[in-house]
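# Structure at a glance
Spelled out from the first residue to the last, the chains are:
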Amino acid sequence: MRIFDPHIHMTSRTTDDYERMAAAGVRALVEPAFWLGQPRTSVGSFTDYFDSLVGWEPFRAGQFGIRHHATIALNPKEANDPRCREVLGVLPRYLEKDGVVAVGEIGYDSMTPEEDEVFAAQLQLAVEHELPALVHTPHRDKARGTERTLAVVRESGIDPGRVAVDHLNEVTVAAVAGSGCWMGFSIYPDTKMTAERMVHILREFGLERMLVNSAADWGRSDPLLTLRTGEAMLAAGFSDDDVDRVLWRNPVEFYGQSKRLDLSDIETEATFEGNSILRGGS
Ligand SMILES: [Zn+2]
């Protein structure tokens, strides 16, 4: 099984995670810029972080044969802090970089007027830089947050086929399916969405425009839940080709719209476990 995790925060994960992911078949991933827990107080903290997303993390991932790409944005939570607003001004220079395949995560946290403004401004940046957009939906008041998200996407004029609306569940999937946007699902160990519930959603809504991620971060999460979802799909009667579509070809198609995905020379053999990249460690 070859796996492309379209949303995972490797900055917050250990090297052991990279090793386990490589052994599980993860060959590519996208790391969206997000909130780091400790509030940032100046634009310099953001640029150092963005630099690590396009420099250090791809190097770290590469040691395990995993291709790393990033999405760059001012996240919804920090959009509310006036000290962080200056970040919008440095985004254009990052949105031109090779490893950056979308604007994200953007969207809503608490649905404030400040978030409205920053969300709309960043959708325009996606249009101007001809990049897809990765949109986070709020964990509280999810149905209303998703409706409002879709309204802002419509108003922006961006092609919905270039937008992924993430962290969906049974309550919010139908609205996004009807919008033409891509549907993202974050599989967690004990909250939000499980592999089994994901399989039911795939049965009901089909495989088109579906993205499954582990969203692993500082919280309780598991970078192998993409693999677990593939296993649950097979156990439920989906074919190997279906699994490949959801866990590999769909994210490749979505982020491929940036024309910056570099998946050349990736080793996707099942025998990768014995590969020298895993044994190596200088
Ligand atoms: Zn995230």
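Here, every reference points to the structure presented above.
Cut-offs and rules
Residues numbered from 1 in each chain as written. Predicted model: local features only at pLDDT ≥ 70, side-chain atom pairs only at ≥ 80, totals over all residues. Heavy atoms only, no water. Donors = N, O, S within 2.8 Å, 3.2 Å for Na, K, Ca; no water. Helix = DSSP H or I, 4+ residues; strand = E, 2+ residues; numbered from the N terminus. Buried < 20%, exposed > 50% of the residue type's maximum accessible area, 1.4 Å probe, protein only. Salt bridge = Lys/Arg side-chain N within 4 Å of Asp/Glu carboxyl O. Pairing = 2+ DSSP bridges. Right-handed = clockwise from strand over helix to strand, strands pointing away. Contact = heavy atoms within 4.5 Å. Expected span 1.5 Å × (residues − 1). Axes fitted to C-alpha atoms, helices over the stretch in contact; angles between N-to-C directions.

With that settled, consider the coordination of the zinc ion. Protein coordination at the zinc ion: the donors are H7 (NE2), H9 (NE2) and E105 (OE), at 2.0 to 2.1 Å from the metal. Taken in sequence order, the residues that donate to the zinc ion follow the motif H-x1-H-x95-E. On the criterion of sequence distance, the pair formed by H7 in the loop between β1 (3–5) and α1 (15–24) and E105 in strand β4 (residues 100–107) is long-range, its members being 98 residues apart. Of the two residues, H7 and E105, both sit in the buried class.

Bringing the pattern of salt bridges into the picture now. Using the criterion set out here, one finds 18 salt bridges in the structure. Ionic pairing is found between E57 and R60, a salt bridge with its closest N-O pair at 3.0 Å. Here E57 pairs with R60, and both are found in helix α3 (residues 56–62), just three residues apart, close to one helical turn. Among the residues examined, R60 registers a relative accessible area of 10% and is labelled buried. When the shortest N-O distance is used, the salt bridge between D241 and R249 registers 3.2 Å. The exposure class of R249 is partly exposed, given its relative accessible area of 31%. A single salt-bridge network, built from bridges that share partners, covers R2, D241, D244 and R249.

Moving on to the pairing of strand β2 (residues 26–32). Buried residues dominate β2, accounting for seven of its seven residues. Pairing between β1 and β2: three bridges, direction parallel. Residue pairing across strands places I3 opposite V26, the latter belonging to β2. A crossover connection joins β1 to the parallel β2 through α1; in handedness this β-α-β unit is right-handed. Sheet analysis places β2 next to strand β3 (residues 67–72), joined by five bridges and oriented parallel.

A word on the side chain of H9. Relative to the helices and strands, H9 is located in the loop between β1 and α1. Those residues within four positions of H9 in sequence are excluded, and the remaining contacts are E31, P32, F34, E105, A215, A216 and D217.

Before going further, it helps to spend a moment on helix α2 (residues 43–54). Taking 1.5 Å per residue as the helical rise, α2 with its 12 residues ought to reach 16 Å, and the 17 Å between its terminal C-alpha atoms agrees with that figure. Of the positions making up α2, those classed as buried are V43, F46, T47, Y49, F50, S52 and L53.

Taken together, the eight strands give an open sheet; going across it, the order is β1-β2-β3-β4-β5-β6-β7-β8, and neighbouring strands pair in parallel fashion. What marks the edges here is a single partner per strand, and that holds for β1 and β8 (210–213). Each strand of the sheet is rotated relative to its neighbour by a mean of 25 degrees, with strand direction disregarded. Inspection of the sheet shows strand β7 (residues 182–186) paired to β8 by four bridges, in the parallel sense. In the strand pairing of β8, G184 is matched with L211.

Nothing here speaks to function; it is all geometry.
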